[in-house]
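Fold and contact review
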Amino acid sequence: MSIYADEMRQTAQAMVAPGKGILAMDESNATCNKRFAKLGIPTTEERRRAYRELILTTPNLSEFISGAILYDETIRQSSQAGVPFTQVMQNAGMIVGIKVDTGAKDLAACPGEKITEGLDGLRERIAEYYQMGARFAKWRAVITIGEPIPSPTCIETNAHALARYAALCQEGGLVPIVEPEVLIDGNHSIERCYDVTDQTLQAVFTQLRLQKVAFDQMILKPSMVISGLECSVQATVDQVAEMTIQVLRNNVPASVPGIAFLSGGQSNQRSTEHLNTMNAKYGALCPWRVTFSYARAIQQPALEHWAGNDANIPAAQQLLYHRAKLNGAASLGKYDPAMEKQTVLV
Ligand code: 13P
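Residues numbered from 1 in each chain as written. Predicted model: local features only at pLDDT ≥ 70, side-chain atom pairs only at ≥ 80, totals over all residues. Heavy atoms only, no water.

**Quick notes on the overall build of the protein**
Worth spelling out the cut-off: Secondary structure elements follow DSSP: runs of H or I of four or more residues count as helices, runs of E of two or more count as strands, with numbering from the N terminus. The size measure is the radius of gyration over C-alpha atoms, and the globule rule it meets is 2.2 Å times the number of residues to the 0.38 power. Partly exposed describes any residue whose relative accessible area lies between the buried limit of under 20% and the exposed limit of over 50%, with all areas from a 1.4 Å probe on protein chains only and scaled to the type maximum. In what follows, residue pairs with any heavy atoms lying within 4.5 Å of each other are defined as contacts. With residues, only the protein chains shown are counted as cover, and all accessible areas are computed by Shrake-Rupley using a 1.4 Å probe. When charges are counted, neither His nor the chain ends are considered; positive counts come from Lys and Arg and negative counts from Asp and Glu. Throughout, a charge is located at the NZ atom of Lys, the CZ atom of Arg, the CG atom of Asp or the CD atom of Glu.
Counting its secondary structure elements, the protein contains 12 helices and 10 strands. In terms of C-alpha radius of gyration, the protein reaches 19 Å, essentially the compact-globule figure of 20 Å for 346 residues. Projected onto its principal axes, the C-alpha positions of the protein cover 50 × 45 × 40 Å. Sorting the 346 residues of the protein into buried and exposed places 58% on the buried side. Contacts in the protein between residues far apart in sequence, at least 24 positions, make up 78% of those at least 6 positions apart. In the structure as shown, the protein presents an accessible area of about 13900 Å², 51% of it carried by carbon and sulfur atoms. On the protein, the mean spot of the 32 positive side-chain charges and the mean spot of the 35 negative ones are 3 Å from each other.

Below, the structure written as structure tokens:
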């Protein structure tokens, strides 16, 4: 058992405390730059720093955000006033998280499929991040649906890597967020998404068990079971909620403290509605907390409003706070679409 077991159990519970979720702001420089470029924001280290400061200094964000996942560049940066972001977060009552994978690369011999890298030197990087104040980590695996993929090779190799990462995290005191993302891209049906998610979760939990990962000291970050973006039949909110909870109940041990979804390219409002219905209709069936760990579906309105202009920071922060609040309500099954309109002075 890890010497950090008690601390990790407490951290994992705090990450999914009632009414709260985890903010993903761990875009790599390449991804962050792509989003900046679309809005005409200079793709410089300073602008990335300014944007992350905007997020982390949003007043009262910790009412709905338990912790945030940072990128390696961000965890080493400071506010304009010279306070390290790790300190800014601790002062605001948010737990520091860190993305530790180094990205999804082409999987050899498997056209169109990816394998996530980053295991080399991971033990040492975890030790450094723990020293810097991080208490949880994230690793994202990517599963693509197509014809005839995903292959068993892709599912097994990614599940194996996720479990190796998770075991190393627990050895070093970081709660692992285990993120197997089944991509929304494609014209597949919701039933096909269900089957692929089912196979993926089965493989992931088999590997986690084999590699002695403690289920009560981790968080699962899955994608929802959902129709492919280009599918002509789009499932209803109720279908998504029902099938997502079903696949999770079939695969996720009750000792896992929480499930925190990614948004994966869903619209802001849809990802909130899906989470809300899962909790409102099926919450009583769930042994784990069901919440969010969105990036785009929380950040997008704030990023677009800021657009690189610091005069827009206060209004952008209000937009961020608002989306966090709506998703906090959804994590309790208490969201109502009418709340969308209760914005904020922009
Ligand atoms: P999205 O919510 O934008 O899918 O991002 C979540 C995440 O952390 C992706 O790895």
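There is more to say, and it comes next.
**Some points on the site of the ligand**
Threshold: In these notes, residues near a molecule or strand are those with any non-hydrogen atom within 4 Å of it. Pairing of N or O atoms within 3.5 Å defines a polar contact, subject to two protein rules: one partner must be a possible hydrogen donor and the other a possible acceptor, and residues neighboring in sequence count only if both atoms are side-chain atoms.
The full set close to the ligand counts 13 residues, and K138, K221, S263, G264 and R296 are the nearest of them. K221 has a polar side-chain atom sitting 2.7 Å from an oxygen atom of the ligand. For the ligand, an oxygen atom lies 2.7 Å from a polar atom in the side chain of R296. When the free accessible area of the ligand is taken as 300 Å², the share hidden by the protein chains comes to 93%.

**Remarks on the sheet that holds strand 3 (residues 95-99)**
Strand pairing in a sheet relies on backbone hydrogen bonds. The paired strands run either parallel or antiparallel. In plain terms, the rule: Strand pairing is assigned whenever DSSP identifies at least 2 bridges connecting the two strands. Axis lines are fitted through C-alpha atoms, for helices just across the contact stretch, and the angle between N-to-C directions can take any value from 0 to 180 degrees.
In space, the 8 strands of this open sheet follow the order 1-2-3-6-7-8-9-10, with parallel pairing throughout. Pairing within the sheet leaves two strands with one partner each, and these edge strands are strand 1 (21-24) and strand 10 (289-292). Examined bridge by bridge, strand 7 (residues 175-182) and strand 8 (residues 219-220) share 2 bridges and lie parallel to one another. For I177, the partnering residue across the bridge sits in strand 8 and is I219. Here helix 5 (residues 85-92) sits on the sheet and contacts strand 2 (65-70) and strand 3; the angle it forms with strand 3, its principal contact strand, is near 140°.

**A closer look at the environment of V204**
Tracing the backbone shows V204 in helix 8 (residues 190-210). For the pair V204 and E45, spaced 159 residues apart in sequence, the C-alpha separation works out to 36 Å. Once you skip the residues sitting within four places of it in the chain, V204 turns out to touch A159, L162, V178 and P180.

**Details of the packing of aromatic side chains**
We count it as follows: Planes of paired rings set the category: under 30 degrees apart is stacked, over 60 is edge-to-face and the rest tilted, where pairs are Phe, Tyr or Trp rings (Trp by its six-membered ring) whose centres lie within 6.5 Å.
Tallying each qualifying case throughout the model produces 8 aromatic pairs. Considering the side-chain rings of Y4 and Y130, the 5.0 Å spacing of their centres and the 55° angle between planes classify their relative orientation as tilted. Of this pair, Y4 sits in the segment before helix 1 (5-15) while Y130 is found in helix 6 (residues 122-132), placing the two residues 126 residues apart along the sequence. Take Y4: its relative accessible area is 22%, and that puts it in the partly exposed class. In this structure Y130 comes out as buried when scored by relative accessible area, which is 14%.

**Examining the side chain of K221**
So the rule is basically this: The salt bridge criterion pairs a side-chain nitrogen of Lys or Arg with a carboxyl oxygen of Asp or Glu, the two atoms within 4 Å.
The residue K221 is located in the loop between strand 8 and helix 9 (237-251) in this model. As a buried residue without a salt bridge, K221 has its nearest oppositely charged side chain in E179, at a separation of 4.2 Å. Looking at K221, its side chain comes within polar contact range of the main-chain oxygen of S293, at 2.9 Å. Discounting residues that sit within four places of it in the chain, K221 has contacts with A24, I69, K138, I177, V178, E179, P180, A260, F261, L262 and S293.

**Topic: helix 1**
Applied cut-off: This arc is taken over the directions from the axis of the helix to the C-beta atoms.
Within helix 1 the residues assigned to the buried category are A5, M8, T11, A12 and M15. What you see down the axis of helix 1 is that its buried residues fit within an arc of 125°, all on one side. When the buried face of helix 1 is taken as reference, the exposed residues oriented beyond 90 degrees from it are D6 and Q10.

Distances and angles like these do not, on their own, reveal function.
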